[in-house]
Amino acid sequence: MFKGALTALITPFRDGAVDAAALRELIEWQIQSGIDGLFPCGSTGESATLTHAEHDNVVKLTIEQARKRVPVLAGTGSNSTAEAIRLTAAAREMGADGAVLLSPYYNKPTQDGIFKHYKTIAASVDLPLFVYNIPGRTASNIAPETFARLSEIKNIVGVKEASASMDQSSDILKLCGDRLAIFSGDDALTVPLIALGARGVMSTCSNIVPREMHDLADAAVAGDFVKAREIHYRLLPLMRALFVETNPIPIKQALAFMGKCANELRMPLLPMTAGPAERLRVAMKELRLV
């Protein structure tokens, strides 16, 4: 059910509020462009600054607009196990196809604490769950051995791996085999990780190039690495330009360049600075996106 390119959706804002109309239009464009799934309320969706009501509303709106045409994996992570259970249960009630939960941030739990966090959520909510490992934001890494333990839990079905470590990813794939569906959390590592056995990517770039990221992941999963490499190298300057400042600052700027949303972020994130924004515009122009 879960494979290919899934978009880690931005949350568009206008005048301080969630821009529901822009989000619906973005979702529809994504689906019409062939994207394989949608992931609202992750890091790219600025979930850390959404109120609880906004978070639930963005998940609900995404599910309603998708209308089961593609799977929706709701971001429901928290550094509080109880709060993560509440968010995950709410997503299930709304009709989400699964949930993505980042490792508890700031608290810096032990590996056993991380394992029990996910085990408790999995026992509390009957929904396919993805573990999201992003040490650069959480200040702790989920060890491959912990993933091996988690893979024995029935409804923990996958991983968004954003450590940017090929060694880490290789160890997870070796230890977990087919028990977990591994997705790259870094656009530029999609092709090499699929070559090692990953199922796809949860992508930031696909907010602006959904068809291309679908084609890249589809070719790689099918073993057509000639085509996958061609798309990878064509998109690589864009991928790099989209991460010269903290995500989602550049992707919001890119979508604003395309007229798909306002260039508005929640404090403490600020709009992209002039030099990097020009680099991004040039990369987009080369792909005829602007």
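See the structure above.
Let me sum up the structure you'll find in this document. Treat the numbers as computed from the prediction; the structure is a model and nothing was measured. (Residues numbered from 1 in each chain as written. Predicted model: local features only at pLDDT ≥ 70, side-chain atom pairs only at ≥ 80, totals over all residues. Heavy atoms only, no water.)

### Description of the pairing of strand E9 (residues 181–184)
Neither face of E9 is exposed, since Ala-181 and Phe-183 on one face and Ile-182 and Ser-184 on the opposite face are all buried. Here strand E8 (residues 156–161) runs beside E9; their pairing, made up of four bridges, is parallel. Opposite Gly-158, over in E9, you have Ala-181 as the bridge partner. Handedness of the crossover joining E8 and E9 through helix H7 (residues 166–176) is recorded here as right-handed. In this structure, E9 lies alongside strand E10 (residues 200–203), joined through two bridges in parallel fashion. The partner of Phe-183 across the bridge, within E10, is Gly-200. The β-α-β motif built from E9, the intervening helix H8 (residues 190–196) and the parallel element E10 has right-handed crossover chirality. (Buried < 20%, exposed > 50% of the residue type's maximum accessible area, 1.4 Å probe, protein only. Helix = DSSP H or I, 4+ residues; strand = E, 2+ residues; numbered from the N terminus. Pairing = 2+ DSSP bridges. Right-handed = clockwise from strand over helix to strand, strands pointing away.)

### Some thoughts on the nonpolar core
Grouped together as the largest cluster of nonpolar side chains are 78 residues, with contacts concentrated most on Phe-147, Ile-156 and Ile-208. Core analysis: the second largest hydrophobic core is formed by 14 residues, Leu-73, Leu-102, Tyr-132 and Ala-181 among them. (Core = buried A, V, L, I, M, F, W, Y, C linked by side-chain atoms within 4.5 Å.)

### What about the pattern of salt bridges?
Under the criterion given, the structure shown has 14 salt bridges. Of the charged contacts, one joins Asp-112 and Arg-149 as a salt bridge, the two residues approaching to 3.3 Å between their closest N and O atoms. Here Asp-112, found in helix H4 (residues 111–124), pairs with Arg-149, found in helix H6 (residues 144–150); they are 37 residues apart in sequence, far enough to count as distant. When salt bridges with common partners are traced through the structure, they connect Asp-56, Glu-83 and Arg-86 into a single cluster. (Salt bridge = Lys/Arg side-chain N within 4 Å of Asp/Glu carboxyl O.)

### Quick word on unusual backbone geometry
Going from Asn-247 to Pro-248, the amide bond is cis rather than trans, its omega being 10°. Its identity as a non-glycine residue notwithstanding, Cys-41 has a phi of 65°, on the positive side.

### Comments concerning the packing of aromatic side chains
Under the counting rule described, the total for this entry stands at three aromatic pairs. Relative to Phe-130, the ring of Phe-2 lies with its centre 5.4 Å away and its plane at 90°, an arrangement referred to as edge-to-face. A residue pair is termed long-range when its members are at least 10 positions apart, and Phe-2 in the segment before strand E1 (4–8) and Phe-130 in strand E7 (residues 129–133) qualify at 128 residues. Phe-2 sits in the buried class, given a relative accessible area of 11%. (Phe/Tyr/Trp six-rings, centres within 6.5 Å; stacked < 30°, edge-to-face > 60°.)

### Quick notes on the packing of helix H11 (residues 249–257) against helix H12 (residues 274–286)
Relative orientation of the contacting elements H11 and H12 amounts to 55°, with a least axis distance of 10 Å. By the angle class used here, H11 and H12 are oblique. The crossing of H11 and H12 is right-handed. Of the residues in H12, those in contact with Pro-250, Gln-253, Ala-254 and Phe-257 of H11 are Ala-277, Leu-280, Arg-281 and Met-284. Residues that form the contact of H11 with H12 fall into these classes: six nonpolar, one polar and one charged. (Axes fitted to C-alpha atoms, helices over the stretch in contact; angles between N-to-C directions. Parallel < 35°, antiparallel > 145°, perpendicular 65-115°, else oblique. Left-handed = near helix turned anticlockwise from the far one by under 90°. Contact = heavy atoms within 4.5 Å. Nonpolar A, V, L, I, M, F, W, Y, C, P; charged D, E, K, R; others polar.)

### Digging into the pairing of E1
With five of five residues buried, E1 is to be regarded as a mostly interior element. Pairing geometry for E1 and strand E4 (residues 37–39), over three bridges, is parallel. Counted as the bridge partner of Ala-8 is Phe-39 from E4.

### Description of H11
The buried fraction of H11 amounts to seven of the nine residues, a majority that puts the element mostly inside the structure. If you check which residues of H11 are buried, you get Ile-249, Pro-250, Ile-251, Lys-252, Gln-253, Ala-254 and Leu-255. Buried-residue contacts for H11 involve strand E2 (13–14), helix H1 (20–32), helix H10 (225–241) and H12. Phi turns positive one or two residues past the end of H11, at Gly-259, with a value near 80°.

### Points about the environment of Gly-113
Structurally, Gly-113 can be placed in helix H4. Each C-alpha atom, one on Gly-113 and one on Ile-85, is 15 Å from the other, the two residues being 28 residues apart in sequence.

### Points about the sheet that holds E4
Overall, parallel pairing links the eight strands, which are arranged E4-E1-E10-E9-E8-E7-E6-E5 in an open sheet. Each edge of the open sheet is held by one strand with a lone partner, namely E4 and strand E5 (73–75). When strand polarity is set aside, the average angle formed by the axes of neighbouring strands in this sheet is 30°.

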